[in-house]
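Coordinate inspection notes
So the chains spell out like this:
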Amino acid sequence: MRSISPLVALVRSARGWRSDVGLRETARRRNSNRCRGLWLGLLGSLLALWLAPFTSKAADENKLEVFSWWTSGGEAAALEALFSAFKTQNPGVDIVNAAVAGGGGSAARPVLQTRLAGHNPPDTWQTHPGLELMDQYVIPGYCEPVTDLYRTNGWDNAFPKNLVVSMMTKDRKIYAVLAGVHRGNVLWYNTKLLEANGIKISGRLTFDEFFAACDKLKAAGIPALGVGDSGIWTSAELFENTLLGVVGPQGWSKLFSGAMQWDDPQVKQAIKLFAKMLDYVNPDHSALSWDQAIKALMEGKVAFSSMGDWADGEFVAAHKKEGEDFGWVNHPGTDGSFMVIADGFTLAKNAPHKEAALAWLKTIGSKEAQEAFSPLKGSIPARTDVDRSKFDGYHQWSMDSFAKDQLVASCVHGEAAPAAFQQVLNDVVTAFMVDKNVDNFANTLVQAARESESPK
Ligand code: GAL
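Please read these numbers as outputs of a predicted model, since none were measured by experiment. (Residues numbered from 1 in each chain as written. Predicted model: local features only at pLDDT ≥ 70, side-chain atom pairs only at ≥ 80, totals over all residues. Heavy atoms only, no water.)

Per the secondary structure count, the chain includes 18 helices and 12 strands. Considering only residue pairs separated by 6 or more positions, the chain has 77% of its internal contacts joining residues 24 or more positions apart. For the chain, the accessible surface area stands at approximately 19600 Å², while carbon and sulfur atoms represent 54% of it. (Helix = DSSP H or I, 4+ residues; strand = E, 2+ residues; numbered from the N terminus. Contact = heavy atoms within 4.5 Å. Areas by Shrake-Rupley, 256 points an atom, 1.4 Å probe, with all protein chains shown as cover.)

Spelled out as structure tokens, the structure:
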């Protein structure tokens, strides 16, 4: 990093000056009267006091504060891979890992908002592109553009234009660098458990086939569908995937552009299918987090889980083998669609350590870091020029899907709809767990869509 050497030099010279002042002061004290010594001592203390902000600031400048919600086994390992890539290129910069636990960022985002509103930003933070980035950070003026990084590093052709231009650019300025791209509509399964119950999955799964498998498992006393909705977003994601499975990518864009209403018969059909799925869910779902639900799948306590492919990061962290221990298929009905849940990082306006933050963004956008991060995270690299041979079967599958399938933006992860609508969806899913009222579900979303600027 360009500024590291000058920063280290500044810290050294400041420390040297202070100790030099101290030495001279001691020598004089020995040779002069007590009063003069006291005055000098006082002067020394005043000098030290005056110097303190400069020296601590200098020391502080060798830091980088990175804010995210990556704390599960797979997430933390992948984040560490980014840290280690950064440290290799920027030795001497201490990373402050400001991660706030809680899948999907539901606990982290409010903490971040408080810090941003209080003019105490981390240098860089995790964000989803689309409305989350724009509405919550760019428009309120919390971010600096990073367009120059794209220009100077030749990234214009390395990152997918459809994501960069449509979800991260405002007034021709780009506001984030993507670390990876997750696929939301994946149905994971425990291979051995399905085999033991005579359930075969060959490439795709219709809703009927899925429910037939669930019935078989239920008859054997096994909760078919593993959910960990101590954070309600996971059940909202189960609904989101089911909705995509019914309305398809065209319906999806109609819904989020206002051309289809949220009480459309197709939406109600998706709500009914979602209600049916809840009959097969593990009884302890509300006590578990998303990664604990994936752990339950690994342990054979549940058979399936509909979850974004950060779940793959958990399988990798637990050394589970593709095909042998676990498998995956598109969430029913979603063949041909890729639900994009991308992870980017920003540059804070008035970042306390701007040079380090720029160096961080340069690192995460590099080929090396992208190749190190995604195999552990479950995402595919955002860059399309990586060495595919460094990735396992799941990643190859997901890369192929990204290249050929219809890309749709996630509502549950803040890309497709404003935060207020995202919150109403979470609330209505919570209520639905109890009342199973399809009309109430649909009408609440109609109202929420009307009240928010977009979707209309
Ligand atoms: C998503 C995020 C992923 C993963 C997941 C679970 O919002 O994009 O990177 O961290 O939450 O925490």
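More follows now that the structure is in view.
This next bit is on the environment of W125. Tracing the chain through its elements places W125 in strand β3 (residues 124-127). On the basis of relative accessibility, which here comes to 0%, the residue W125 falls in the buried class. On a C-alpha basis, the gap between W125 and S68 in space is 5.8 Å, while along the polypeptide they are 57 residues apart. Apart from residues lying up to four places away in sequence, W125 is in contact with F67, L112, L116, Y137, Y142, C143, G344, F345, T346 and A348. (Buried < 20%, exposed > 50% of the residue type's maximum accessible area, 1.4 Å probe, protein only.)

With antiparallel pairing, 3 strands are arranged side by side in an open sheet as β8-β7-β9. The open sheet is flanked by β8 (304-306) and β9 (326-330), the only strands paired with a single partner. Direction aside, neighbouring strands of the sheet carry axes that sit 25° apart on average. The sheet contact formed by strand β7 (residues 186-190) and β9 spans 5 bridges and is antiparallel. Within β9, the residue paired with L187 across the bridge is V329. (Pairing = 2+ DSSP bridges. Axes fitted to C-alpha atoms, helices over the stretch in contact; angles between N-to-C directions.)

Here we take up the pattern of salt bridges. Under the defined criterion, the tally for this structure stands at 14 salt bridges. Two residues, E132 and R109, come together in a salt bridge whose shortest N-O distance is 3.6 Å. Taken together, the residues span a long stretch of sequence, with E132 in helix α5 (residues 131-138) and R109 in helix α4 (residues 108-117) at a distance of 23 residues. Judged on exposure class, the residue E132 and its partner R109 are both buried. R151 is paired through a salt bridge with D148; the nearest N and O atoms lie 2.9 Å apart. (Salt bridge = Lys/Arg side-chain N within 4 Å of Asp/Glu carboxyl O.)

With that settled, the discussion passes to the nonpolar core. Residues W188, W262, F304 and F441 are the most contacted members of the largest nonpolar core, which totals 76 residues. Top contributing element to this core by residue count: helix α10 (residues 233-257), with 10 residues. One finds A78, Y175, I380 and A382 within the second-largest nonpolar core, a separate group that totals 62 residues. (Core = buried A, V, L, I, M, F, W, Y, C linked by side-chain atoms within 4.5 Å.)

With that out of the way, let us pick up the site of the ligand. Near the ligand lie 15 residues; those nearest to it are E75, H128, D343, K377 and H413. Within the side chain of W70, a nitrogen or oxygen atom sits 3.0 Å from an oxygen atom of the ligand. One nitrogen or oxygen atom from the side chain of H128 is found 2.8 Å from an oxygen atom belonging to the ligand. Protein contact buries 100% of the 300 Å² of open area that the ligand shows by itself. (Near = heavy atom within 4 Å. Polar contact = N/O pair within 3.5 Å; in protein donor to acceptor, adjacent residues only side chain to side chain.)

Turning our eyes to something else, we now look at the environment of R450. Of note, R450 is situated in helix α18 (residues 438-451). Through-space distance from the C-alpha of R450 to that of F421 is 9.7 Å; in sequence the pair is 29 residues apart.

This part takes up unusual backbone geometry. Even without being a glycine, D171 presents a positive backbone phi close to 50°. For D171, the position within the fold is in the loop between β4 (169-170) and β5 (173-174). When its relative accessible area of 62% is taken as the criterion, D171 is described as exposed. The phi torsion at H319 lies on the positive side, around 55°, for a residue other than glycine. Note on placement: H319 falls in the loop between α13 (310-317) and β9. A residue is classified by how much of its surface remains accessible, and H319, at 68% relative accessible area, is exposed.

Averaged over all residues, the pLDDT of the chain is 89; the fraction at 70 or higher stands at 86%. Low pLDDT, under 50, characterises residues 1-59; the stretch is placed with 34 contacts to residues that sit more than four places away or in other chains. (pLDDT = per-residue confidence, 0-100.)

Two elements in contact, α10 and helix α17 (residues 419-435), have axes whose closest approach is 9 Å; the angle formed by their N-to-C orientations is 90°. Judged on the interaxial angle alone, α17 and α10 are roughly perpendicular. Of the residues in α17, those in contact with W233, S235, A236 and F239 of α10 are L425, N426, V429 and M433. Its residues assigned to classes, the contact of α10 with α17 comprises 6 nonpolar, 2 polar and no charged. (Parallel < 35°, antiparallel > 145°, perpendicular 65-115°, else oblique. Nonpolar A, V, L, I, M, F, W, Y, C, P; charged D, E, K, R; others polar.)

Our next topic: the packing of aromatic side chains. Taken as a whole and judged by the stated rule, the model has 32 aromatic pairs. Seen from their ring centres, W328 and W397 are 6.1 Å apart, and the 70° between their planes marks the pair as edge-to-face. Placement of the pair is W328 in strand β9 and W397 in helix α16 (residues 393-404), with a sequence separation of 69 residues. Owing to a relative accessible area of 17%, W328 belongs among the buried residues under this scheme. W397 sits in the partly exposed class, given a relative accessible area of 25%. Within the aromatic cluster, the residues linked to one another by ring pairs are W70, F83, F86, F345, W360 and F373. (Phe/Tyr/Trp six-rings, centres within 6.5 Å; stacked < 30°, edge-to-face > 60°.)

Two elements, strand β1 (residues 63-67) and strand β2 (residues 94-97), share 4 bridges in a ladder whose sense is parallel. Within β2, the residue paired with V66 across the bridge is N97. In this fold, the crossover linking β1 to β2 by way of helix α3 (residues 73-89) has right-handed handedness. (Right-handed = clockwise from strand over helix to strand, strands pointing away.)

All right, on to the packing of helix α11 (residues 265-278) against α17 then. Running from N to C, α11 and α17 cross one another at 60°; their axes reach a closest spacing of 11 Å. With respect to α17, the element α11 is oriented oblique. Every pair of crossing elements has a handedness; the one defined by α11 and α17 is right-handed. Across the interface between the two elements, I271, F274, A275 and L278 from α11 touch V429, F432 and M433 from α17. Of the residues in the contact of α11 with α17, the class split is 7 nonpolar, no polar and no charged. (Left-handed = near helix turned anticlockwise from the far one by under 90°.)

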